[in-house]
Amino acid sequence: MRALVLGGTAFVGRAIVDALVRDGAEVTLFGRGRTGRELFPGLRRLVGDRDTGDYAALTAAARERPFDAVVDVSGYVLRQVRGAIAALDAAGGHAGRYVFVSTQAVYAGPGADEDTPRKAPRPDVEDTARLDDTTYGPAKAACEDEVTARFGERATLVRPGQVTGPYDTSDALVYWLRRAERGGPMAVPADPAQPVQLLDARDLGRLVAALVRTDRGGAFNAVGPAEPLTLAGLLAVCAEVAGTRARLVPVADRPGYFPLVREEWASQRRSAARARAVGLSATAFAETVAAVREWDAGRGRPAPEAGFGYTAEREAELLAAGDTRAR
Ligand SMILES: NC(=O)c1ccc[n+]([C@@H]2O[C@H](COP(=O)([O-])OP(=O)(O)OC[C@H]3O[C@@H](n4cnc5c(N)ncnc54)[C@H](OP(=O)(O)O)[C@@H]3O)[C@@H](O)[C@H]2O)c1
């Protein structure tokens, strides 16, 4: 199995490359050569840039020998996906399969499975620097449509929800984990019963590797963990892993963003049944949290960004004010 991974050296892609290599695939990486340069010393690296449309190295490599599968982890806008496919075409043909790493953000509203209506695609978004909460999903939907139109049955769309695990620098789970380490009442601007979906990147990696290995097409939600989780349950697992006792106290404060808190819950209730049936593994959430804790401790524990969750002072203020709410 000869696989080309567009990206693969930061977080999600890194887990995918790990799984492909473990599966015995011969993996080639394509990127600008900026991120994770020390990773995967045994793998061939092609240097190019999807922003400037520089795919010369990709075309040259595909000309030498076609790829059985392309896994596109770094495509966000139609222009980038068209560029990669044109580069493969220039080498005299498509790859055997095109696996596009999309997102749950393509969905327009409630609905659990892959037939849930999507947002209107935005093929006009050209610049990744201009992506925001409103354009990210629609731009990805336009990429999905291109891959499906060009590859038909040889197209595979993987739609992850929020991903975590070692190397997750978003720090959403890290905020909760570090807060759980301090124990005691934790102020959270949300209902403790809010559902949470967080997928272990290593499960995602194994799913993509299985889809490549079995040459399977179609769309797949990739959400986790397998066991249902709420914010209160998440705090309990974090406290257990950290060896503390913590209690979630809902507060009426409404910050613009708070890690893992969602105003609408439908996005946290998607079904991974289809992916589970074809290889999505189910790492227990406590295992994911333990792995993130180990990684976080080993990276020198940089301070969380300002405005990311509550500072200890702000939290104490909210708790002292008895600023709680019932929902
Ligand atoms: N994290 C989540 O919770 C989540 C949820 C849903 C979907 N996703 C999807 O997962 C993917 C992102 O994962 P990741 O960033 O962790 O992936 P990754 O593949 O591990 O890292 C990004 C890769 O893209 C390469 N890259 C960046 N800009 C490039 C450019 N202009 N030209 C060529 N290569 C470029 C980087 O290498 P160089 O810097 O060396 O170029 C790096 O290898 C996206 O498709 C995203 O939509 C993530």
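See the structure above.
Predicted, not measured: the structure shown is a model, and the values here were computed from it.

A short note on the overall build of the protein
Inference 1: A tally of regular secondary structure across the protein gives 10 helices and 11 strands.
Inference 2: Here the protein has a C-alpha radius of gyration of 21 Å; the compact-globule value for 327 residues is 20 Å, and the two agree.
Inference 3: When the backbone C-alpha atoms are referred to their principal axes, the protein occupies close to 70 × 40 × 35 Å.
Inference 4: The buried share of the protein, reckoned over its 327 residues, is 52%.
Inference 5: Taking the contacts inside the protein whose residues are at least 6 apart along the sequence as the reference set, 81% of them involve residues at least 24 apart.
Inference 6: Surface exposure of the protein reaches about 14200 Å², of which carbon and sulfur atoms provide 51%.
Inference 7: The averaged location of the 43 negative side-chain charges in the protein is 1 Å from the averaged location of its 43 positive side-chain charges.

Re the sheet that holds strand 5 (residues 97–101)
Strands pair in a sheet through their backbones, by hydrogen bonds, and they do so in one of two ways: parallel or antiparallel.
Inference 1: Read across the sheet, 7 strands follow the order 3-2-1-4-5-6-10 without closing on themselves; strand pairing throughout is parallel. Each edge of the sheet is formed by a strand with only one pairing partner; in this case those strands are strand 3 (44–47) and strand 10 (218–222). Ignoring strand direction, the axes of neighbouring strands in this sheet form an average angle of 20°.
Inference 2: In this fold helix 2 (residues 56–64) packs onto strand 1 (2–6), strand 2 (26–31) and strand 3, with an angle of close to 135° to the strand it touches most, strand 3.
Inference 3: Relative to strand 5, helix 3 (residues 78–90) is tilted by about 165°, and along the sheet it contacts strand 1, strand 4 (69–72) and strand 5.

So, the packing of helix 5 (residues 172–182) against helix 7 (residues 231–242)
Inference 1: Two elements in contact, helix 5 and helix 7, have axes whose closest approach is 8 Å; the angle formed by their N-to-C orientations is 60°. With respect to each other, helix 5 and helix 7 are oriented oblique. The chirality of how helix 5 crosses helix 7 is right-handed. Across from Leu173, Trp176, Leu177, Ala180 and Glu181 in helix 5, the residues of helix 7 making contact are Leu231, Leu234, Leu235, Cys238, Ala239 and Ala242.

Some thoughts on the packing of aromatic side chains
Pairs of aromatic rings are described using the distance from one ring centre to the other and the angle between the two planes.
Inference 1: This structure, assessed with the given rule, holds 9 aromatic pairs.
Inference 2: Aromatic side chains tyrosine 76 and tyrosine 136 sit 6.3 Å apart centroid to centroid with 40° between the ring planes, which places their arrangement in the tilted category. With a gap of 60 residues between them, tyrosine 76 in the loop between strand 4 and helix 3 and tyrosine 136 in helix 4 (residues 136–151) connect regions that are remote in the sequence.
Inference 3: Under the relative-accessibility criterion, tyrosine 76 is labelled partly exposed at 33%.
Inference 4: Judged by its relative accessible area of 29%, tyrosine 136 falls in the partly exposed class.
Inference 5: Between tyrosine 98 and phenylalanine 151, the aromatic rings sit 5.2 Å apart at their centres with planes inclined by 40°, giving tilted as the arrangement. Of this pair, tyrosine 98 sits in strand 5 while phenylalanine 151 sits in helix 4, and the two are 53 residues apart along the sequence. Here tyrosine 98 and phenylalanine 151 have matching classes, each one buried.
Inference 6: An aromatic cluster is built from Tyr175, Trp176, Tyr257, Phe258, Phe308 and Tyr310, whose rings are joined through pairwise contacts.
Inference 7: The ring of tyrosine 167 carries arginine 14 above its face, with NZ or CZ at 3.5 Å from the centroid.

Regarding the site of the ligand
Inference 1: Surveying the vicinity of the ligand reveals 28 residues, the closest of which are Gly8, Thr9, Arg34, Thr35 and Tyr136.
Inference 2: Within the backbone of phenylalanine 11, an N or O atom sits 2.9 Å from an oxygen atom of the ligand.
Inference 3: Between the ligand and valine 12, the relevant distance is 2.8 Å, taken from an oxygen atom to a main-chain nitrogen or oxygen of the residue.
Inference 4: Protein contacts shield 85% of the accessible area of the ligand, which totals 910 Å² for the unbound molecule.
Inference 5: Of all the secondary-structure elements, those providing two or more residues to the shell around the ligand are helix 1 (12–22) and helix 4.
Inference 6: Per element, the largest residue contribution to the shell around the ligand is 3 residues, and it comes from helix 1.
Inference 7: Of the residues in the shell around the ligand, the class split is 9 nonpolar, 12 polar and 7 charged.

Thoughts on the packing of helix 2 against helix 3
Inference 1: Relative to each other, helix 2 and helix 3 sit at 40°, their axes nearing to 8 Å. With respect to helix 3, the element helix 2 is oriented oblique. In this structure, the crossing between helix 2 and helix 3 has a hand that is right-handed. In this structure, helix 2 uses Leu58, Thr59, Ala62 and Arg63 to contact helix 3, whose residues at the interface are Ala87, Leu88 and Ala90.
Inference 2: When the residues that make up the contact of helix 2 with helix 3 are grouped by side-chain class, the tally is 5 nonpolar, 1 polar and 1 charged.

Things to note about the pattern of salt bridges
Inference 1: Summed over the entire model, instances satisfying the criterion amount to 24 salt bridges.
Inference 2: Here arginine 150 and aspartate 89 are joined by a salt bridge, their closest N and O atoms 2.7 Å apart. You can see arginine 150 sitting in helix 4 and its partner aspartate 89 sitting in helix 3, a full 61 residues away along the chain.
Inference 3: On the basis of relative accessible area, aspartate 89 is assigned to the partly exposed category, the value being 31%.
Inference 4: Between arginine 202 and aspartate 200 there is a salt bridge whose closest N-O contact spans 2.7 Å.
Inference 5: We classify arginine 202 as partly exposed; its relative accessible area is 32%.
Inference 6: For aspartate 200, a relative accessible area of 2% puts it in the buried group.
Inference 7: Connected via shared salt-bridge partners are Arg118, Glu144, Asp145 and Arg159.

Scoring rules and cut-offs
Residues numbered from 1 in each chain as written. Predicted model: local features only at pLDDT ≥ 70, side-chain atom pairs only at ≥ 80, totals over all residues. Heavy atoms only, no water. Helix = DSSP H or I, 4+ residues; strand = E, 2+ residues; numbered from the N terminus. Rg over C-alpha atoms; globule rule 2.2 N^0.38 Å. Buried < 20%, exposed > 50% of the residue type's maximum accessible area, 1.4 Å probe, protein only. Contact = heavy atoms within 4.5 Å. Areas by Shrake-Rupley, 256 points an atom, 1.4 Å probe, with all protein chains shown as cover. Lys, Arg positive; Asp, Glu negative; His and termini not counted. Charge placed at Lys NZ, Arg CZ, Asp CG, Glu CD. Pairing = 2+ DSSP bridges. Axes fitted to C-alpha atoms, helices over the stretch in contact; angles between N-to-C directions. Parallel < 35°, antiparallel > 145°, perpendicular 65-115°, else oblique. Left-handed = near helix turned anticlockwise from the far one by under 90°. Phe/Tyr/Trp six-rings, centres within 6.5 Å; stacked < 30°, edge-to-face > 60°. Lys NZ or Arg CZ within 6 Å of the ring centre and 35° of its normal. Near = heavy atom within 4 Å. Polar contact = N/O pair within 3.5 Å; in protein donor to acceptor, adjacent residues only side chain to side chain. Nonpolar A, V, L, I, M, F, W, Y, C, P; charged D, E, K, R; others polar. Salt bridge = Lys/Arg side-chain N within 4 Å of Asp/Glu carboxyl O.

Just geometry here; none of it tells us what the structure is for.
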